[in-house]
Structure formats: structure tokens, C-alpha cells
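Given next are the chains, with one letter for each unit.
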Amino acid sequence: MATKKKKPASRAAAKTGAQKKSPARKAAVKSVARKKIKSRGRTSAPAKQARPRQRVAVSHHREEDFKADGLRTYAKYRDLGIADASNGLARAHVIRLIGPCNPAEVSKLHFHDIEFQMVYVLKGWVKTYMEGQGETLMNEGSAWTQPPRIKHLIMDYSDDVELLEVILPADFKTVELAA
């Protein structure tokens, strides 16, 4: 008749004497032990700066809202009220490029010091050049992003082109580059 071995009461009791005294085992135990990390003068994480409160902005189409008071002399801008409503977090406007296109006036290489820029073609078409991308014809329904400080220019556009542009932050610097 076979005798049954008695099951140890705990894991520690189940270890053999060689396992308990093994130097490798002791080193492994030490390596996983938690060490107290000294504080370097900080008692808590730095407070995250709160963004200003935003409000609802509603903008309905009105022809009289297109103004020639924007970045480009060959464009009219309809501000959508996002800059005020977001306390400067973002700007959104509809840009109507004035035709016919004069490449000598519009085709100037530049970049914007922004965090984000997206353009959507509402109507017509526009031909652009972006550094690393080359020339691209954007038609009604096309959209693109322009990474921060990417060099770009408008090459040509239809007489009826309208673009929706969203930019972060609302106020930014544009740098014109020499030809």
C-alpha cells in the first residue's frame, strides 16, 4: 500500500532547505524589493493650467460677413466666432479667394507658427504646394492638414473657391520666405 505524502501547510514550508539558503534566491528577493524614492522638494505634481471656459458660437451665412481684413489681400474672410468663444484656443473662418488668380501675388512661399491647421474645400478648387508633398490639386470636398511650420503656397485657384480653415491657436505668426 502506497503512503500518501502530507501536503505542506504553506509555500514557505514546501521549499527545500537548499532553496531557502540559495544565494541566487536571496539576490532575486533583493532585486524585486521596493526601494523608497526620495522626494526632491516636490510634495505633489505641478498643477495643470486650466484652459479658459469656452462658450457656444453660432454663425449663420450672411454675405456681408465676408471682410477683406485677413492675412491675404486677395481673400475675403468670414469669421465663425470660434476665436472669441474658445478664448483664443482656435480660429475658424471661411476664406473666399478673389478671382481670377494672380500667381505673382499668391504664389509666395511661407509658413505659419501654429500648433494645428486644417483646410476643407467647400466650393471650387485650389492647387497648392507643400514642402515634402509637392503640388496637389484640391477639389470641392477635399481636406488637408498642414503640420506646424510647413513651407507651402497657393499656386492657382478657381474664381469661385471657398475654403474652411481651422487653426490652433487663434492668433499666430506667418513668416514669408524669400523667393
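Throughout what follows, the structure given in this document is the object of discussion. The residue count restarts for each chain, going from 1 along the sequence in the order it is written. The predicted nature of this model means local features are confined to residues of pLDDT at least 70 and side-chain atom pairs, given and counted, to a pLDDT of 80 or more, with totals for whole chains, interfaces and linings taken over all residues. To get the side-chain values, all heavy atoms of the structure are used, and hydrogens and water are removed first.

On to the overall build of the protein, then. Only runs of H or I of at least four residues qualify as helices and only runs of E of at least two qualify as strands under DSSP, and these elements are numbered from the N terminus. Secondary structure assignment for the protein yields five helices and ten strands. Per-residue accessibility, obtained with a 1.4 Å probe over protein chains only, is compared with the maximum for each type, and a residue is labelled buried under 20%, exposed over 50%, and partly exposed between these values. A buried classification covers 26% of the 179 residues belonging to the protein. Here, residues are in contact when the closest pair of their heavy atoms is within 4.5 Å. Of the contacts formed within the protein by residues at least 6 apart in sequence, a portion of 66% connects residues at least 24 apart. Only the protein chains shown count as covering a residue, and every accessible area follows the Shrake-Rupley method with a 1.4 Å probe. Accessible area of the protein: about 13,400 Å², with a carbon and sulfur share of 54%.

The set of buried Ala, Val, Leu, Ile, Met, Phe, Trp, Tyr and Cys residues whose side-chain atoms join them within 4.5 Å is what this entry labels a nonpolar core. Ranked by size, the top nonpolar core spans 18 residues in total, and within it L97, V126, W144, I154, Y157 and L163 carry the most contacts. For this core, the elements supplying multiple residues, two or more each, are β1 (75-79), β2 (91-97), β4 (116-123), β5 (125-130) and β8 (152-157). If near-sequence neighbours (up to four positions away) are discounted, V126 is found in contact with L97, V121, T136, L137, M138, W144, I154, D156, Y157, V161 and L163.

We call two strands paired when DSSP finds no fewer than two bridges between them. In spatial order, the strands read β1-β2-β9-β4-β7; together these five strands make up an open sheet with antiparallel pairing. At either margin of the open sheet sits one strand with a lone partner, and together these are β1 and β7 (143-145). Averaged over all neighbouring strand pairs, the angle between strand axes comes to 20°, with direction disregarded. Note on geometry: axes are C-alpha line fits, over the in-contact stretch for helices, and angles between N-to-C directions span 0 to 180 degrees.

On to the layout of surface pockets, then. In this structure, the largest pocket occupies an estimated 580 Å³ of space. Lining the largest pocket we find 34 residues, and of these L71, Y77, H93, I95 and E165 sit closest to its centre. When contributions to the lining of the largest pocket are tallied by element, the ones reaching two or more residues are β1, β2, β3 (110-113), β4, β5, β8 and β9 (162-168). Ten residues, namely Ala, Val, Leu, Ile, Met, Phe, Trp, Tyr, Cys and Pro, are considered nonpolar, four, namely Asp, Glu, Lys and Arg, are considered charged, and the remaining ones, Gly among them, are considered polar. Looking at the lining of the largest pocket residue by residue, the class counts come to 16 nonpolar, nine polar and nine charged. We place a 1 Å grid over just the protein atoms. Points where a 1.4 Å probe fits but has no way out form a cavity, open points with protein on both sides within 12 Å along at least 5 of 7 lines form a pocket, and any residue with an atom within 4 Å of a point lines it. Grid points are joined across faces, edges and corners, and a volume is the space filled by probe spheres set on the points.

All right, on to the pattern of salt bridges then. For side chains of opposite charge, pairing can occur when their charged atoms come near one another. By definition here, a salt bridge exists when the distance from a side-chain nitrogen of Lys or Arg to a carboxyl oxygen of Asp or Glu is within 4 Å. Overall, the coordinates contain ten salt bridges when judged by the stated rule. Here K127 and E135 are joined by a salt bridge, their closest N and O atoms 3.4 Å apart. One network of salt bridges, in which partners are shared, links R62, E64 and D65.

To continue, consider the side chain of H93. Structurally, H93 can be placed in strand β2. Overall, the relative accessible area of 8% leaves H93 in the buried class. If sequence neighbours within four positions are ignored, H93 has contacts with Y77, R78, D79, L80, L163, L164, E165 and I167.

That bond from G99 to P100 is cis: its omega, -5°, falls within 30 degrees of zero. Residue position: P100 is located in the loop between β2 and α5 (103-106). That bond from L168 to P169 is cis: its omega, -5°, falls within 30 degrees of zero. Note on placement: P169 falls in the loop between β9 and β10 (173-176). Despite not being glycine, N87 has its phi angle at roughly 55°, a positive value. Looking at the element boundaries, N87 is found in the loop between α4 (82-85) and β2. Phi is positive for R149, close to 65°, though the residue is something other than glycine.

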